[in-house]
Amino acid sequence: MANGPILVLNAGSSSLKFALYDSARDEPTLMLRGRVEGMHSQPAFRVQDGAGAILDAREWRHGEMISQSDALTHILSWIGGHYGALSIGAVAHRVVHGGEHYVTPVRVDEKVLDDLERLV
């Protein structure tokens, strides 16, 4: 198990979803989840606690575009501003891929990266 919270990311074409799990117990517990969406038209940020209560929301100006990097910076800044010097123990990212060989979740290693590159 990770030594610290686990940050899970899911980057889409115009959104970045995230979740933060407390890994101190045997089963990770959802601390918060959220997203930055509409990154190419009207970006909006929303974060909820593990029970689903809205903790924060904001919108950028209409027509303003932000990048995946901008979205991640905002998310990490928000987490840092609310949880202080939180030391994230692990980061996971959802990778959607096709092919015949991967029909269940797998840990990405060199072989998986090579297989994914061939699918591009």
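Residues numbered from 1 in each chain as written. Predicted model: local features only at pLDDT ≥ 70, side-chain atom pairs only at ≥ 80, totals over all residues. Heavy atoms only, no water.

Points about the sheet that holds strand β2 (residues 15–22)
In a beta sheet, neighbouring strands pair by backbone hydrogen bonds and run either parallel or antiparallel.
Then step 1. Ordered by their spatial adjacency, 6 strands build an open sheet running β5-β4-β3-β2-β1-β6, and the pairing between neighbours is mixed. Edge positions in the open sheet fall to β5 (54–59) and β6 (90–93), since each of these has one partner strand only. The average undirected angle you get between the axes of adjacent strands in this sheet is 15 degrees.
Then step 2. Sheet analysis places strand β3 (residues 29–37) next to strand β4 (residues 44–49), joined by 6 bridges and oriented antiparallel. (Pairing = 2+ DSSP bridges. Helix = DSSP H or I, 4+ residues; strand = E, 2+ residues; numbered from the N terminus. Axes fitted to C-alpha atoms, helices over the stretch in contact; angles between N-to-C directions.)

Some remarks on the pattern of salt bridges
Then step 1. If you walk through the whole model with that rule in mind, you get 4 salt bridges.
Then step 2. Close ionic contact of K111 with D115 constitutes a salt bridge, the shortest N to O distance being 2.9 Å. Taken together, the residues span about one helical turn, with K111 and D115 both in helix α2 (residues 110–119) at a distance of 4 residues.
Then step 3. For K111, a relative accessible area of 54% puts it in the exposed group.
Then step 4. Residue D115 is classed as buried on the basis of its relative accessible area, which comes to 9%.
Then step 5. Through salt bridges with shared partners, a single ionic network connects K111, D115 and R118. (Salt bridge = Lys/Arg side-chain N within 4 Å of Asp/Glu carboxyl O. Buried < 20%, exposed > 50% of the residue type's maximum accessible area, 1.4 Å probe, protein only.)

Section: a negative patch on the surface
Then step 1. Taken together, the side chains of D109, E110, D114 and E117 make up a negatively charged region of the molecular surface.
Then step 2. Here E117 shows up in helix α2. (Patch = residues over 30% accessible without salt bridge, like charges linked within 9 Å, V, L, I, M, F, W, Y side chains within 5 Å. Areas by Shrake-Rupley, 256 points an atom, 1.4 Å probe, with all protein chains shown as cover. Lys, Arg positive; Asp, Glu negative; His and termini not counted. Charge placed at Lys NZ, Arg CZ, Asp CG, Glu CD.)

What about the packing of aromatic side chains?
Then step 1. The full count for this structure, using the stated rule, is 2 aromatic pairs.
Then step 2. With centroids separated by 6.3 Å and ring planes inclined at 5 degrees, the aromatic side chains of F18 and F45 adopt a geometry described as stacked. Here F18 is found in strand β2, whereas its partner F45 is found in strand β4, with 27 residues between them in sequence. As far as the burial class goes, F18 and F45 line up, both buried.
Then step 3. Note on F45 and W78: the rings are 6.2 Å apart at their centroids and 50 degrees apart in plane angle, and the pair reads as tilted. Highlighted residues: F45 in strand β4 and W78 in helix α1 (residues 68–83), separated in sequence by 33 residues. Each member of the pair F45 and W78 is classed as buried. (Phe/Tyr/Trp six-rings, centres within 6.5 Å; stacked < 30°, edge-to-face > 60°.)

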